[in-house]
Amino acid sequence: MSFNHLASELPAWAKLQKLYESKGKAIDLRKAFDADPKRFESYSRAFTGQKTDAALLVDVSKNLIDDEIFASLLDLAREAKVEEQRDAMYAGERINSSEDRSVLHIALRDLPGAFGSKAEGVDEVKGELAHMKSFSDAVRSGAHKGYTGKAIKSIVNIGIGGSNLGPLMVTEALKPYAKRDLAAHFVSNIDGTHMVEALRQCDPETTLFIVASKTFTTQETITNATTARDWFLKTAGSKEHVSKHFVALSTNVKAATDFGIAEQNMFKFWDWVGGRYSLWSAIGLSICLVIGYDNFEQVLLGAHDMDEHFKSAPLEQNIPVILAVIGIWYNNFFGAQSYAQLCYDQYMHRFAAYFQQASMESNGKGVAKNGKPVNYETGEILWGEPGTDGQHAFYQLIHQGTKLVPADFIAPVETHNPTGQHHDILLSNFFAQPEALAFGKTEEEVKAELSTEDQGNSFLVKSKIFSGNRPTNSIMIQKISPAGLGALLSMYEHKIATQGFIWNINSFDQWGVELGKVLAKKILPSLTGEKGVDGHDSSTTGLINYYLKNRKQ
Ligand SMILES: O=P(O)(O)OC[C@H]1O[C@](O)(CO)[C@@H](O)[C@@H]1O
């Protein structure tokens, strides 16, 4: 496959630029809906899992598109060879070219063996899952005992980035399925506070530490794991007891062994699992512990259902592709600076944080696969908080600010907690916000609600106008069930991959996180007195000296 192009050189790109100028930027959603009573039917897609209860409705009708623009956006995907790149990914080709690796998180959830992906280790996936099942069953049932013979009551997942955000987000989202008498803590930050506060709630006799690190070299994780081990040994005394309380999830068996993890306590995965795509692998062990293996398997199968859809649906019907090209429409042609993910479900409160990594680490790239700097914007800046909290915080800017913030609204049809009128009230907000954003409020409508005196107050009148034409996608999921969540996660993963395919960047490496790590390692010796403060610019030197002079301990 040739990658010797920039996305902006594709014919559809130039066409979209023209369409933006000639009509896209002036599309009026009120008129578009008035003119086409079937707009919702034309621009919404339903997804039903083949093997699970996953069910989604994705409505993109409130976007600044018409049929010609929509077709041209899909042409862009076609010209960028999205389907061929997807197929190469599924086959196990080494599409992560800067690291010479396959990208096969889809193989972790291909339990039916539908895709025949080829890479070293794919045939070991089921064995690792069986290991996760037997271990999590033993911990949950109390058969696995701590060093004094007591059952495990708390788990502490020690990991950062994908080794934290995925399990944390999923265990929060699926809390209704959790074993409530097993407390789960997630420690990621190198800030000692994070570990100290978690340990305060734990008893060494009944705590299991899960050291989650793909590389097993990440400074934060290894430092936190060492602190946890020291804390444990202070009470437990003998190193022999470590094996009952520490397990490792890693691709780096040697480093985990060197840390003192016994072989039977190691859960393996492979270099073709990217950190931000790893919750489906051994990194999902804390998910298994919290919600049980069978539910974890449903998460995998729900994701697999969406993988099947992404693999086989024609582009016009392909939900991840549709979401991807709509995102590109705003990112690259309207110049939108960011994009919001707004979940109307309290359990989903870490969803946007999780997709910040998935999207921004994947697509925050400035070099195309042909080695040339891109001459267009890439990765979407993703942010969000759950509704309705967000409404009372930042929606003002989305409704009336000067910036265009395309947003995805996500809500479950069924709540896990039917309590009085709560869910209907929540959903009334979920329906109302995109409606307000799309159709706004005109000057005439504002005036009609004001007294004659206030109608003459032009500042007041203008302040109450909503311009409308602010685009949103509305995504309804039947229920945040394990399979439903799996499908939703997979949908967004494939959206992100599709955008990377179109921008002709490598969405699967993350070199941009390296420099800061290297510099921090260089600075550390000057904070511990092993080395003087030299070799930095005057700002960095000044800051370090300020810290050294003013610190108390
Ligand atoms: O699992 P590891 O190897 O500790 O890495 C943690 C995180 O660090 C990163 O490499 C970024 O620094 C992420 O991609 C990854 O999820």
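Residues numbered from 1 in each chain as written. Predicted model: local features only at pLDDT ≥ 70, side-chain atom pairs only at ≥ 80, totals over all residues. Heavy atoms only, no water.

The protein chain is annotated in an unreviewed UniProt entry as Glucose-6-phosphate isomerase of Tilletiopsis washingtonensis. As recorded by UniProt, the Function (unreviewed entry) comment attached to the protein chain reads in full: "In the cytoplasm, catalyzes the conversion of glucose-6-phosphate to fructose-6-phosphate, the second step in glycolysis, and the reverse reaction during gluconeogenesis." Taken verbatim from the UniProt record of the protein chain, the Catalytic activity (unreviewed entry) comment is "alpha-D-glucose 6-phosphate = beta-D-fructose 6-phosphate". (UniProt positions renumbered as here; feature names shortened; annotations may be inferred.)

S.K.: What's the story with the overall build of the protein chain in this structure? I'm lost.
M.R.: Counting secondary structure elements, the protein chain contains 24 helices and 11 strands. Computed over C-alpha atoms, the radius of gyration of the protein chain comes to 25 Å, within 12% of the 24 Å expected from 2.2 N^0.38 for 553 residues, which places it in the range of a compact globule. Considering the protein chain as a whole, with its 553 residues, one finds that 52% of them fall into the buried category. Counted over contacts in the protein chain with a minimum sequence separation of 6, partners at least 24 positions apart contribute 76%. Surface accessibility of the protein chain: about 23,800 Å² in total, with carbon and sulfur atoms responsible for 52%. (Helix = DSSP H or I, 4+ residues; strand = E, 2+ residues; numbered from the N terminus. Rg over C-alpha atoms; globule rule 2.2 N^0.38 Å. Buried < 20%, exposed > 50% of the residue type's maximum accessible area, 1.4 Å probe, protein only. Contact = heavy atoms within 4.5 Å. Areas by Shrake-Rupley, 256 points an atom, 1.4 Å probe, with all protein chains shown as cover.)

S.K.: Could you clarify how one ought to interpret the site of the ligand in this entry?
M.R.: Surrounding the ligand, one finds 14 residues, the nearest of these being Ser 163, Ser 213, Thr 215, Thr 218 and Glu 361. Gly 162 places a main-chain nitrogen or oxygen 2.8 Å from an oxygen atom of the ligand. Interatomic distance of 2.7 Å between a side-chain N/O atom of Glu 361 and an oxygen atom of the ligand. Each residue belonging to the shell around the ligand can be placed in one class, and the counts come to two nonpolar, nine polar and three charged. (Near = heavy atom within 4 Å. Polar contact = N/O pair within 3.5 Å; in protein donor to acceptor, adjacent residues only side chain to side chain. Nonpolar A, V, L, I, M, F, W, Y, C, P; charged D, E, K, R; others polar.)

S.K.: Can you walk me through unusual backbone geometry in this structure?
M.R.: For residues other than glycine, phi is negative in most cases, and the peptide bonds are mostly trans. Here the bond from Gly 387 into Thr 388 is cis, since omega is 5 degrees, no more than 30 degrees from zero. Checked against the element boundaries, Thr 388 lands in the loop between β9 (382–383) and α17 (395–400). If you check the backbone angles, Asn 469 has positive phi at about 60 degrees while not being a glycine.

S.K.: Help me out: how do you make sense of the packing of aromatic side chains in this one?
M.R.: For any pair of aromatic rings, the description rests on two quantities: the centre-to-centre distance and the angle between the ring planes. Inspection of every chain in the model, using the stated rule, returns 30 aromatic pairs. When the ring of Phe 232 is compared with that of Phe 246, the centres are 5.8 Å apart and the planes differ by 70 degrees; the resulting orientation is edge-to-face. Residue Phe 232 is located in helix α10 (residues 219–236), and its partner Phe 246 is located in strand β6 (residues 246–250); the two are separated by 14 residues in the primary sequence. Accessibility assignment for this pair places Phe 232 and Phe 246 in one class, buried. Plain terms: the ring middles of Tyr 354 and Phe 355 are 4.9 Å apart, the flat faces sit at 80 degrees to each other, and that makes the pair edge-to-face. Judged by relative accessible area, Phe 355 falls into the buried class, the value being 1%. Members of the aromatic cluster, each reached through a chain of ring pairs, are Trp 13, Tyr 20, Trp 329, Tyr 330, Phe 333, Phe 334 and Tyr 376. The ring centre of Phe 33 lies 5.3 Å from the NZ or CZ of Arg 39, which sits over that ring. (Phe/Tyr/Trp six-rings, centres within 6.5 Å; stacked < 30°, edge-to-face > 60°. Lys NZ or Arg CZ within 6 Å of the ring centre and 35° of its normal.)

S.K.: How should the domain arrangement of the protein chain be read in this particular structure?
M.R.: Many descriptions give the size of an interface as the accessible area lost when the pieces come together. By domain assignment, the protein chain separates into domain 1 (123–294) and domain 2 (512–550). For domain 1 and domain 2, the distance between their C-alpha centroids amounts to 32 Å. (Domains from an automatic or database assignment.)

S.K.: What exactly am I supposed to notice about the pattern of salt bridges here?
M.R.: Side chains that differ in sign of charge can pair as their charged atoms come close. Taken as a whole and assessed by the stated rule, the structure comprises 28 salt bridges. Of the charged contacts in the structure, one is a salt bridge between Glu 205 and Lys 150, with a shortest N-O distance of 3.0 Å. Here the residue Glu 205 occupies a position in the loop between α9 (192–199) and β5 (207–212), and Lys 150 occupies one in the loop between α7 (125–141) and β3 (154–158), the gap between them amounting to 55 residues. Among the charged side chains, a network of salt bridges with common partners joins Lys 23, Asp 66 and Glu 68. (Salt bridge = Lys/Arg side-chain N within 4 Å of Asp/Glu carboxyl O.)

S.K.: Explanation requested: the state of the cysteines in the structure shown.
M.R.: Tallying each qualifying case throughout the model produces zero disulfides. Summary of cysteine pairing: Cys 288 is not part of a disulfide, and the nearest cysteine sulfur, belonging to Cys 202, is at 20 Å. Given a relative accessible area of 0%, Cys 288 falls into the buried group. (Disulfide = S-S within 2.5 Å.)

S.K.: Explanation requested: the sheet that holds strand β1 (residues 44–48) in the structure shown.
M.R.: Sheet strands pair by backbone hydrogen bonding; their relative direction is either parallel or antiparallel. Ordered by their spatial adjacency, six strands build an open sheet running β1-β2-β11-β10-β8-β9, and the pairing between neighbours is mixed. Only two strands of the sheet have a single partner each, and these edge strands are β1 and β9. Inspection of the sheet shows strand β8 (residues 339–343) paired to strand β10 (residues 407–414) by four bridges, in the parallel sense. Looking at β10, one finds that Cys 343 is bridged to Ile 410. (Pairing = 2+ DSSP bridges.)

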